[in-house]
Amino acid sequence: MIEFKGITKRFVRDRTPIFALRDVNLTIQQGEIFGIIGESGAGKSTLLRLINGLETPTQGTVKVSGIKLSDLSKGSLRELRLKIGMIFQHFQLIQSRNVSDNIAFALKAAGVKRSDFPSRIKELVALVGLEGFETNFPSQLSGGQKQRVGIARALANNPSVLLCDEATSALDPVTTLQILELLKDLNERLGLTIILITHEIDVVKQICHRVAVMAHGEVVEVANTYDIFSQPTHDVTKHYVDTALQIELPERILRTTPGKIIRLQFTGEKTGESTLSEAIKQFDISVSILHGKVDYIQNVAFGVLIVSLTGPTLHVNRALTWLEEQLHTLEVIQDVA
Ligand SMILES: Nc1ncnc2c1ncn2[C@@H]1O[C@H](COP(=O)(O)OP(=O)(O)OP(=O)(O)O)[C@@H](O)[C@H]1O
């Protein structure tokens, strides 16, 4: 378990204080895939670097497996760091060494006996699916393969936690999916806690169990991934979700569409279409669908429809109340008489 309590991190640049983190309180459970999402400068990297002691908080405490990092000696901190693997956006491989030797470097740093190197390298290469590439140099590997080497190196010391710093940001969408699948597989097979920072909500959608949304150094929302998509509360989160589902209506459509424009969400078994047709019948109103999308988050259907309702005001209002009761999540985006 990783715990941040009352964390503030202040940097000073040109004599001006910069608050990278402000009163962050967060608990990450063992075995979770935990996402931290936010725009550039939100404080994600600083938060991640507190976990392995690369940064220290100005205020507050960080605990890893119940141990307060500020209580550790330099030696103990070094030991703890070996139990926390890290991968990076630009892989950070040694260009002059082949795949096996890159992994061997990490094994050496972890204090593994040299006689154990061949078997451990074989094991790690198999774990990340790089069999046959052992003698390739980084320049002879694709981006996805380079990240696989990065992951093999990070796992050299059998860590219990893997920190991923924008690990898929330099990869194309297909390779990104493959690397995320690998991370998910490692989480399930090894019980590895994975903490990943990203600015892409799609990454969160693919693999995270829970997510923290950050803005201006603060954690503005924490929830499980399904809830983040189905009931975002903070504006920053709503914007991410809308972008991921591509359900923002062009301004021109909003301006020229009459009636009440509503956004309704439906989940699992209750489909939006059937509820809407029921409303049309019951309240004698007209409904035009302006936008619609169904997505799957952790294998549960999640849909959004944007529709305009027209008809006598009384009927439309009654239909609205009824729809709200049926679907629970309904938002009036525009109300033009
Ligand atoms: N060593 C430092 N000295 C001064 N300011 C820093 C330092 N490290 C980070 N900052 C500042 O702290 C704030 C948070 O930075 P951080 O790198 O944690 O954000 P981030 O969300 O990871 O951004 P990015 O996605 O661009 O990496 C930024 O304003 C940044 O400029």
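- Going by an unreviewed UniProt entry, the protein carries the name Methionine ABC transporter ATP-binding protein and comes from Exiguobacterium undae.

**With respect to the side chain of E32**
Then, number 1: Positionally, E32 belongs in the loop between strand 2 (16-28) and strand 3 (33-38).
Then, number 2: One polar contact links E32 to R210, side chain to side chain, over a distance of 2.5 Å.
Then, number 3: Not counting residues up to four positions away in its chain, the partners in contact with E32 are T27, N187, L192, T193, I194, H209 and R210.

**Looking at the domain arrangement of the protein**
Then, number 1: Domain boundaries assigned for the protein yield domain 1 (2-243) and domain 2 (249-336).
Then, number 2: For domain 1 versus domain 2, the distance between C-alpha centres works out to 40 Å.
Then, number 3: Contact residues are listed per partner, giving eight residues for domain 1 and eleven residues for domain 2.
Then, number 4: Connecting domain 1 to domain 2 are one salt bridge.
Then, number 5: Viewed at the interface, domain 2 and domain 1 are joined by one residue pair in polar contact (both at pLDDT 80 or more).

**Observations concerning the pattern of salt bridges**
Then, number 1: What the rule picks out here adds up to nine salt bridges.
Then, number 2: The salt bridge involving D185 is made with R189; its shortest N-O contact spans 2.9 Å. Remark: R189 and D185 occur in helix 6 (residues 173-190); sequence separation between them is four residues, near one turn of the helix.
Then, number 3: Assessed through its relative accessible area of 27%, D185 is described here as partly exposed.
Then, number 4: Between K205 and D202 there is a salt bridge, and its shortest N-O distance comes to 3.6 Å. Here K205 and its partner D202 are both found in helix 7 (residues 201-207), three residues apart, which amounts to about one turn of the helix.
Then, number 5: The partly exposed category is assigned to D202, whose relative accessible area is 40%.
Then, number 6: When salt bridges with common partners are traced through the structure, they connect K9, R49 and E55 into a single cluster.

**Comments concerning helix 12 (residues 313-327)**
Then, number 1: A rise of 1.5 Å per residue sets the reference length of helix 12, with its 15 residues, at 21 Å; its end C-alpha atoms lie 21 Å apart and thus fit the reference within 8%.
Then, number 2: Within the span of helix 12, buried status applies to V316, A319, L320, W322, L323 and L327.

Cut-off values and rules
Residues numbered from 1 in each chain as written. Predicted model: local features only at pLDDT ≥ 70, side-chain atom pairs only at ≥ 80, totals over all residues. Heavy atoms only, no water. Helix = DSSP H or I, 4+ residues; strand = E, 2+ residues; numbered from the N terminus. Polar contact = N/O pair within 3.5 Å; in protein donor to acceptor, adjacent residues only side chain to side chain. Contact = heavy atoms within 4.5 Å. Domains from an automatic or database assignment. Salt bridge = Lys/Arg side-chain N within 4 Å of Asp/Glu carboxyl O. Buried < 20%, exposed > 50% of the residue type's maximum accessible area, 1.4 Å probe, protein only. Expected span 1.5 Å × (residues − 1).

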